[in-house]
Every structure is written in C-alpha cells, then in structure tokens.
Amino acid sequence: SAVQVVTRGDMGLDSLAITWETAIQKYNEELYDEAALDFRPLLDHPDFSMTSGASFYLGICYLQKNLPDSAVVYFGKVSPNSSLAQDALWYKGMAYLKAGNPQKAKEVFAMISGQTVHYKLKEANKISRYLMRHRDTR
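None of these values were measured; they are calculated from a predicted model.

A. Region of the structure containing the confidence of the model for the protein chain. Considering every residue of the protein chain, the mean pLDDT works out to 87; 88% of them sit at 70 or more. Across the protein chain, the secondary-structure element scoring lowest on mean pLDDT is helix α7 (residues 121-133), at 86, and the one scoring highest is helix α4 (residues 68-75), at 98. Counting interchain partners and residues more than four positions distant, the pLDDT-below-50 stretch residues 1-10 has zero contacts.

This is the structure in structure tokens:
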C-alpha cells in the first residue's frame, strides 16, 4: 500500500479562498462551531483581506454558541467602512444584552440612534427608551 505524505506549508491565496468558502458554507448550514474553527485562522493570516467579513461572521457564530462576550470582541473588529458595519453595531448591542450588560448595550443603541441612517434605527430607539426607563429597576 502507498504511504500518504502530508506536509504543512504556508496557506497560499488559493487556500485562503477555499477556507473562506468552506467557512461561509458551514455558517450557512448553521454549523457554527465548525465555521468558527475556519474563520479564526483566516483572521490571523496576513494575506487575508476580508477581515471585516470574517470578524462579523465569527461574531455571529459566537452569539449562536451563547458566547456573547466573544461575539462583542469580533463585532468590534469590523471596519466602520465595511458594508457590514451597521450589522456589526446592531449585533454588538444585542450581544451586550445577551451578556447581561445593559449599560454597554444602551451605549451601542444610543450610538445607532444618533446616526441619521441605520436600517435598525427605529428598533434601536425603542430599545434605548426601554433601557432608559428600566435602568433603575435592576
């Protein structure tokens, strides 16, 4: 029988693209643990250019795994210039709520409320008002 030899090498650009596609596929199939394992090494690679996307999807994976503190970290790494910036800010606020940190959530939703255009502006305003009314009852 033939002996299979496996070598470890640098992750080239083709390998990065394959890993990205695999991670997205696993994410879409709701295999969040497996997707997270693919997104993390992409973020560590100096040649990987879609860091905002990987950070965002990794944050969602952590939310789905009930690890909101880790999710907050990765939502914070999404560039404000990214097309995912509004989504990342919204989910960062939701992650703070899930983590039981209403003060930080209030700050995020107030930031959204202060924007002239945000696709979740109405919802952020409602949450901000709710958090303001209920801050003293905790």
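B. Quick peek at the environment of Gln-25. On the secondary structure map, Gln-25 appears in helix α1 (residues 13-28). Counting along the chain gives ten residues from Gln-25 to Ala-35, while the straight-line C-alpha distance between them is 8.0 Å.

C. How the structure looks around the packing of aromatic side chains. Across all of its chains, the model carries twelve aromatic pairs by this definition. Between the aromatic rings of Phe-56 and Tyr-57, the centroid separation amounts to 5.3 Å while the plane-to-plane angle is 75°, which identifies the pairing as edge-to-face. When its relative accessible area of 22% is taken as the criterion, Tyr-57 is described as partly exposed. A ring pair is formed by Phe-56 and Tyr-91, whose centres lie 6.0 Å apart and whose planes are at 65°; its orientation type is edge-to-face. With Phe-56 in helix α3 (residues 51-64) and Tyr-91 in helix α5 (residues 85-98), this residue pair connects regions lying 35 residues apart in the sequence. Given the relative accessible area of 6%, Phe-56 is considered buried. Under the relative-accessibility criterion, Tyr-91 is labelled partly exposed at 30%. Each member of the aromatic cluster is reached from another via a ring pair, and the members are Trp-20, Tyr-27, Tyr-32, Phe-39, Phe-48, Phe-56, Tyr-57, Phe-75 and Tyr-91.

D. View of the packing of α3 against α5. At a closest axis distance of 11 Å, the pairing of α3 and α5 adopts a crossing angle of 25°. As summarised for this structure, α3 and α5 are arranged roughly parallel, according to the angle between their axes. Helix-helix and strand crossings are classified by hand; for α3 and α5 the assignment is left-handed. Contacts between α3 and α5 involve Phe-56, Ile-60 and Leu-63 on the former and, on the latter, Asp-87, Ala-88, Tyr-91, Ala-95 and Lys-98. When its residues are assigned to classes, the contact of α3 with α5 shows six nonpolar, no polar and two charged.

Rules used throughout
- Residues numbered from 1 in each chain as written.
- Predicted model: local features only at pLDDT ≥ 70, side-chain atom pairs only at ≥ 80, totals over all residues.
- Heavy atoms only, no water.
- pLDDT = per-residue confidence, 0-100.
- Helix = DSSP H or I, 4+ residues; strand = E, 2+ residues; numbered from the N terminus.
- Contact = heavy atoms within 4.5 Å.
- Phe/Tyr/Trp six-rings, centres within 6.5 Å; stacked < 30°, edge-to-face > 60°.
- Buried < 20%, exposed > 50% of the residue type's maximum accessible area, 1.4 Å probe, protein only.
- Axes fitted to C-alpha atoms, helices over the stretch in contact; angles between N-to-C directions.
- Parallel < 35°, antiparallel > 145°, perpendicular 65-115°, else oblique.
- Left-handed = near helix turned anticlockwise from the far one by under 90°.
- Nonpolar A, V, L, I, M, F, W, Y, C, P; charged D, E, K, R; others polar.

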